[in-house]
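One letter stands for each residue in the lines below.
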Amino acid sequence: MKKCKPLLRNSFVSMLLLFLLSGCWSSKSIEDLNITVGSAIDKSKDGKIRSTLQYVIPQAIGNSSSKSPQQKSYTNVSATGISLEPIGWETTLRREGPISGAHQKAVIIGQDLARDEPIRELTDLYFRVIDLRGSTLIFISKGEAARTLESKEAGVIPARRLVEIAEQELTTRALKPLPLIKIWGKSNSQTSFLLQLIDLKKGEIEFNGAAVIKGRTNKMIGILNKEEIEGINWITGEGKSGAVKAFQKASDKPTYYQIESMKSKIKPHVTGDRISFNVKIESEGKITEYWNPHFKPAFKNKTIKHIENAAEKEVMRLVVNTTKKMQKEFGVDVGGFGNQLRIQYPNVWKNVKDNWDEKFSEIPITYDVSITIKDYGMIGSKKNK
Amino acid sequence: MKWRKLNKSQMKIEESAKKAKQDKQPFQESINEMTGNLTADLNLIRKEIGHNSDVTFREFQMGTTGIRIAIIFIDGFADADVINNHILVDFMSASPKETGHPLKNSSLKEYIKNQALSVSGLNEIRTLKDITSGVMFGSIAILVDGLEDVFLVGGAKVKTRNIDEPPTESLVRGPRVGFIENLKDNTALLRRHGKDQNLSIISSQVGERSKKELVIIYMKDIVDPHLLEEVKQRISKIKIDDVHDSSYIEQLIEDNFLSPFPQVQSTERPDRVMGALMEGRVALLLDGSPFALIVPVTFHMLLQSPEDYYERWMAATLIRILRYFSAFISLFVPSLYIAFISFHPGLIPTKLIFSIAATREGVPFPPLIEALIMEVSIEVLREAGLRLPKPIGQSIGIVGGLVIGEAAVQAGIVSPIMVIVVAVTAISSFTLPQYNVGVALRILRFASMLFASVFGLYGVVLFFLLLCSHLVRLKSFGIPYVSPAVSFRLSDWKDFMIRVPLFLMKRRPKLLHPKDSVRKR
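For every chain, the first residue of the written sequence is number 1, and numbering continues from 1 along that sequence. Here chains are named by letter from A upward and ligands by number from 1 upward, in the order in which they appear as written. At least 70 in pLDDT is required for a residue's local features to be given in this predicted model, at least 80 for side-chain atom pairs to be given and counted, and no such filter applies to totals for whole chains, interfaces and linings, which use all residues.

## Some details on helix H9 (residues 270-279) of chain B
Residues and elements named next belong to chain B.
- Most of H9 sits out of view: eight of its 10 residues are buried.
- Those residues of H9 that are buried are in contact with helix H6 (183-193), strand S7 (212-219), strand S8 (265-267), strand S9 (282-286) and strand S10 (292-295).
- Two residues or fewer after H9 comes Gly-280, characterised by a positive phi angle close to 100 degrees. Comment: burial labels come from other C-beta atoms within 10 Å of the residue's own C-beta, placed from the backbone, where a count of 20 or more is buried, 12 or fewer is exposed, and between is partly exposed. A helix here means a DSSP run of H or I that spans at least four residues, while a strand means a run of E at least two residues long, and both kinds are numbered starting from the N terminus. Each residue is represented by a C-beta atom placed from its backbone, and any two residues with such atoms within 7 Å are regarded as in contact.

Put into structure tokens, the structure is as follows:
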């Protein structure tokens, strides 16, 4: 037989070689991976950074027959170093398998560290590593961050529980979750922002307030409590559900208004050099609890108006209280006022953006709150006649 | 490769030499004409075909005249009813009227032809070759003493089965009729199904040694003449000793023998053939094969069933889309599994990845090997179930599917997710209405698994592009294989992935260039 065409022969041989490569270079079988779902960054005793990675143990979750009920479904590995990258490699000396960050959901930063180091620098690695998602949520922990990644309950992965609580956004007493990718923008534009604060109660996590990050320094400067978060949510209109106290006098006994929708519109006014803001807050909802000591018929417009008024007053109290805290105590704008000014008066914004937080403390803000009750619940008026 | 060409040319020379020899033989045979002397003629025929055990000679006398007659036929092949009830009865009871002259030559012949023999098909032949070939093909030769002409009566009576519903293409709704092995019955079926005077059935012969009848069927006033010419030309080029089944024809006239996709559609259903003819396609039927061939074929035809037209359009459309979906599944699911598991764990939802990782724990093989083990074993099972007699075939399915699958998971050879992947793949490949498309996708599935294991999702995408570029290039009798998608004709999309209501399909598909394009007014 005469010789084949060399191109044909070579390509045939190389095709055959291709089949030998069944376990290929970048191929990593998932059962060998250490799937991290969360990580915590703390200040270590010697002033360095201590990072804790939470790995999932799939066998403990999956319903395979080898599952034992006592087995924890996660394991935490921590190491110390001056920054996150060397720490990551340090952990591979202790546990087999490469680290996969594609399912990383949460990063918790300890309060001590957040007050000392800029958030942007602490989270730099998370931005740069490609397989980490921009949707990863960032939290601040009141105490030691590593302890928020622990739980006594069997079958719970603490990092995932954190994220699930954050993403459900059930009450206005918690912040809207802030993903990594948005923090990048806020940090670079030196905007002040809030991060959800995590506290520990009897060893289990609790969402308790928010950490205030000052734009200029990108460090944590203080804490807002749950009531002040409510105020923030009313100003930004980002809450989805929750309740508002709808009685003023103690003799009226508890009456509660449940939020079904809320809207807010921040309107900047500029006259000459003077900047002022007017915030219009609208909400619709229903009465969910009405102890009604005086047996007032709930169907009567007068009663409804009375309850609406009480709720409006309460909301007003919340937002004014929060505004005072923002302007007077911390001197930061975390309600998104600056953004509205930037959108509607770009020229004015150019002049004030450099020291916006200081300017903001002096600006007068007025609020209009209107609450509409659409639904009175299952109990009508007849029973109380 | 030069030696091959050389060999070919040598072969050609030999062939032409053979032909020359063959050409001589008929010349010699043509001398062997019948003499009219019955004894001599019979001896001549006996010498030629008498050694066959099934050739029967029967001699008797014609009624009262005493003229000797012999009939020659093949026992069991020739129509016994014609022999017993017509030929023997007619001749033995023949009593020609006394006209004065003894019956001789022409008058005898006329008498037999006009008065004695009560059969419809009657040929007069003279040469030995015609007689032997006639007898061999099932006719009855009648030799009359004193006549040089030999009568050839009747044709073969072949035992045929009943017309049943075709087992490979059963429908829920639609005619329960399928082709059988007898060509005449099949063409009659078509005539009955499509009562159109323009339905043309043109006969031709294929096979050098065993000559079989092949008919080309088309609608005279619809079909594109160029297409018809192309089909005729390709058939005329078939030079093979014997075609056992229409699949031989399929393989000999297809465009690209390297493609895994079938380029000729084969079907057992007359309604399907009629539908194709009405679109301007050409059908071929071979004697002895229940499978009709339809050309040209486009890819979407292979994912269609006649039922798509019998059901209402919404149901038909849904089922059609479902079929495309399951074709995709049966082609790509194992390779996507491999790609996701070994290259892109980030693309799997978080909760799912935990359970997959848990089930894969302890499996000793990389995903490709795991997938290959399961895919190969299910192909083996399928083949085994197909070849075995029906009652055993089912038990093979149970043993294979349940026992081996369950045991393999228990033994930790494969993961349960893999079993699901393989099962889903196999089941969705069964939804394809044409068996040969399923086979094509099976072949391609393995290729795509290899691509996935080498390059991950990128490899799967590469493979898909490769496949697309092949399909776009492929043509069946000059018609692009994936039309009307490429070359794009929006008007033909009415009957592509969706099936619009019948009243909207007013024209025949343009891609076939029909002469009469109006389907409905």
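Read on, since the account is not over.
## A short note on the sheet that holds S7(B)
Residues and elements named next belong to chain B.
- Two strands are said to pair when DSSP picks up at least two bridges between them. Strand order across the open sheet formed by five strands is S6-S7-S9-S10-S8, with antiparallel pairing between neighbours. Each edge of the open sheet is held by one strand with a lone partner, namely strand S6 (199-206) and S8. Neighbouring strand axes in the sheet, compared pairwise and without regard to direction, differ in orientation by 25 degrees on average.
- Two strands pair when backbone bridges link them, and S8 and S10 are joined in this way by three bridges, in the antiparallel orientation. Within S10, the residue paired with Gln-265 across the bridge is Ile-294. The convention used is that axes are lines fitted to C-alpha atoms, helices contributing only their stretch in contact, and that angles between N-to-C directions extend from 0 to 180 degrees.

## Observations regarding the nonpolar core
- The term nonpolar core refers to a set of buried Ala, Val, Leu, Ile, Met, Phe, Trp, Tyr and Cys residues connected through C-beta atoms within 7 Å. Counting residues in each nonpolar core, the largest one holds 160 residues, and the members touching the most others are A:Ile109, A:Leu194, A:Ala211 and B:Ala283.
- Sequence-distant contacts of A:Ile109, defined by excluding residues within four places in its chain, comprise A:Ile41, A:Ala114, A:Leu122, A:Ile138, A:Ile140, A:Ser141 and A:Ala145.
- Counting 27 residues, the second largest nonpolar core, distinct from the first, contains B:Ile67, B:Ile69, B:Ile71 and B:Ile142.

## What to know about the domain arrangement of chain A
All names here are of chain A.
- Domain boundaries shown here were taken from an automatic or database domain assignment. When the domains of chain A are assigned, the result is domain 1 (30-224) and domain 2 (226-385).
- Contact residues are listed per partner, giving 22 residues for domain 1 and 19 residues for domain 2.
- For the side of domain 1 that touches domain 2, the secondary structure elements donating two or more residues are strand S7 (193-201), strand S8 (204-213) and strand S9 (220-224).
- In terms of residue count, S8 provides more of the side of domain 1 that touches domain 2 than any other element does, four residues in total.
- Partitioning the side of domain 1 that touches domain 2 into residue classes produces nine nonpolar, eight polar and five charged. Side-chain classes are defined by residue name, with Ala, Val, Leu, Ile, Met, Phe, Trp, Tyr, Cys and Pro counting as nonpolar, Asp, Glu, Lys and Arg as charged, and the others, Gly among them, as polar.

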